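Below, each chain spelled out in residue letters.
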Amino acid sequence: MPQPAPRHYNSAMTERPTEPIHAEATQPHLTQHDLQRYFDGQGLPARLIPNLGHTPTVPAAAQVLGVEPDQIIKTLLFVFEPGEKAGQAPPAVVVIGNGENRISKKALGQHFGLNPKRVKLAPAATVIDLLGYPPGGVPPFGHRTTLPIFLDQNVVELRERYADRVFGGGGDDHSMLELTVSDLLRIHQPTVLALSEG
C-alpha cells in the first residue's frame, strides 16, 4: 500500500486542534514498513530495532538496548488552544526531547508569545491523525503531516557525549530506532531551543 504524501502545515490554516479533536483516530496507523520506506527515500542510515518487549520507561528501554538512559529521545506533539495570540502560532508542533526530561510548556509557549496554559500535549487520536504513530512509539522522522519541529538543546548536546548515537520511537511501543543527532539536524533543520524543565 503506497504511503500518502505528507500534508504540510500552512500558516494560513484556520482550523486549530482542540482537546479532544476526535474520540478515536480517523486515520490509520502508519507501519514500520512506512517508516523504512521513508528512511530509504531519504538515504537515512537509521536502524529499526523491533520486538524489544515491554519497555514502559526510559530506564527499561535503555537497559534492554544496553545504552545510557540519556541516549533515549522522545517525540511529542503539542497543540495550541485558540486565543488572542494563537493566530501567530502553528496549530501544532513536534518536539523532540530527552526521554527522561519533561518539556517545559512555559518555554514553548514563550517562543510563540502564548500563555503556557494554552500549550497542551495532543490527545492520542490527534497524534495518530497528524503523525501516523501512537504515543509512546512516535519516531522522530517520517510523520504523516509535516509540522514545525523543535529540538531540545539537551538532545543536540548528546552528539559529543555519545558519538552522535541516540535511540527514539520505532513506530510502536515495542520497537526503537537507532539514529544520529546529526541526521535529526540535517533532515529536519529544526528550531533548537532549551525546552527541558529544571
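Refer to the structure printed above.
Residues numbered from 1 in each chain as written. Predicted model: local features only at pLDDT ≥ 70, side-chain atom pairs only at ≥ 80, totals over all residues. Heavy atoms only, no water.

## Points about the pattern of salt bridges
Considering all chains together, one arrives at six salt bridges under this definition. A salt bridge links Arg102 to Glu197; the shortest N-O distance between them is 3.4 Å. A residue pair is termed long-range when its members are at least 10 positions apart, and Arg102 in the loop between strand S4 (92-98) and helix H3 (105-112) and Glu197 in the segment after strand S10 (191-193) qualify at 95 residues. Classification of Arg102 by relative accessible area gives exposed; the value is 59%. Judged by relative accessible area, Glu197 falls into the partly exposed class, the value being 42%. Within the structure, one salt-bridge network assembled from shared partners comprises Arg47, Arg165 and Glu178. (Salt bridge = Lys/Arg side-chain N within 4 Å of Asp/Glu carboxyl O. Helix = DSSP H or I, 4+ residues; strand = E, 2+ residues; numbered from the N terminus. Buried < 20%, exposed > 50% of the residue type's maximum accessible area, 1.4 Å probe, protein only.)

## What about the sheet that holds strand S5 (residues 119-121)?
Pairing within the open sheet is mixed, and its five strands lie in the order S5-S3-S4-S7-S10. In this open sheet, the two edge strands, each paired with only one partner strand, are S5 and S10. Averaged over all neighbouring strand pairs, the angle between strand axes comes to 35 degrees, with direction disregarded. Helix-sheet contacts for helix H7 (residues 181-188) involve strand S3 (73-80), S4, strand S7 (149-152) and S10, and the interaxial angle to S7 is about 155 degrees. (Pairing = 2+ DSSP bridges. Axes fitted to C-alpha atoms, helices over the stretch in contact; angles between N-to-C directions. Contact = heavy atoms within 4.5 Å.)

## Considering the sheet that holds strand S2 (residues 47-49)
Neighbouring strands of a sheet are bound in pairs by backbone hydrogen bonds; such pairs are parallel or else antiparallel. Strand order across the open sheet formed by three strands is S2-S9-S8, with antiparallel pairing between neighbours. Edge positions in the sheet fall to S2 and strand S8 (165-169), since each has one partner strand and no second. If you compare each strand with its neighbour and ignore which way they point, the axes differ by 30 degrees on average. Direction of pairing for S8 relative to strand S9 (residues 176-180): antiparallel, over a ladder of five bridges. Bridge pairing in S9 links Gly168 to Leu177.

## Here's the deal with the packing of aromatic side chains
The tally for this structure, following the rule as stated, stands at five aromatic pairs. The interplanar angle of 70 degrees and the centroid separation of 6.4 Å between the aromatic rings of Tyr38 and Phe39 together place this pair among those described as edge-to-face. Here the aromatic rings of Tyr38 and Phe141 are separated by 6.4 Å at their centres, their planes lie at 25 degrees, and the arrangement is stacked. With Tyr38 in helix H1 (residues 32-42) and Phe141 in the loop between helix H4 (124-131) and strand S6 (145-146), this residue pair connects regions lying 103 residues apart in the sequence. Since its relative accessible area comes to 22%, Tyr38 is described here as partly exposed. One aromatic cluster is present, formed by Tyr38, Phe39 and Phe141 through successive ring pairs. (Phe/Tyr/Trp six-rings, centres within 6.5 Å; stacked < 30°, edge-to-face > 60°.)

## Concerning the side chain of Arg144
Along the polypeptide, Arg144 turns up in the loop between H4 and S6. No salt bridge is formed by the buried Arg144; the nearest opposite charge belongs to Asp129, separated by 5.1 Å. Within the local environment of Arg144, its side chain forms a polar contact with the backbone oxygen of Pro28, the two atoms lying 2.2 Å apart. (Lys, Arg positive; Asp, Glu negative; His and termini not counted. Polar contact = N/O pair within 3.5 Å; in protein donor to acceptor, adjacent residues only side chain to side chain.)

## A short note on unusual backbone geometry
One non-glycine residue with positive phi stands out, namely Asn51, at about 55 degrees. By the secondary structure assignment, Asn51 is in the loop between S2 and helix H2 (58-65). For Asn51, a relative accessible area of 70% puts it in the exposed group. Phi is positive for Gln189, which is not a glycine, with a value near 45 degrees. Here Gln189 lies in the loop between H7 and S10. For Gln189, a relative accessible area of 67% corresponds to the exposed category.

## Observations concerning the nonpolar core
One finds Phe39, Ile73, Leu77, Phe141, Leu179 and Leu184 to be the most contacted residues of the largest nonpolar core, which totals 32 residues. Counting residues per element, the ones that place at least two in this core are H1, S3, S4, H4, S7, helix H5 (153-156), S9 and H7. Apart from residues no more than four positions distant in its own chain, Leu184 is found in contact with Ile73, Ile96, Pro140, Phe141, Leu151, Val155, Leu179, Gln189 and Pro190. Ranked by size, the runner-up nonpolar core spans 13 residues in total, among them Val93, Leu108, Phe112 and Val119. (Core = buried A, V, L, I, M, F, W, Y, C linked by side-chain atoms within 4.5 Å.)

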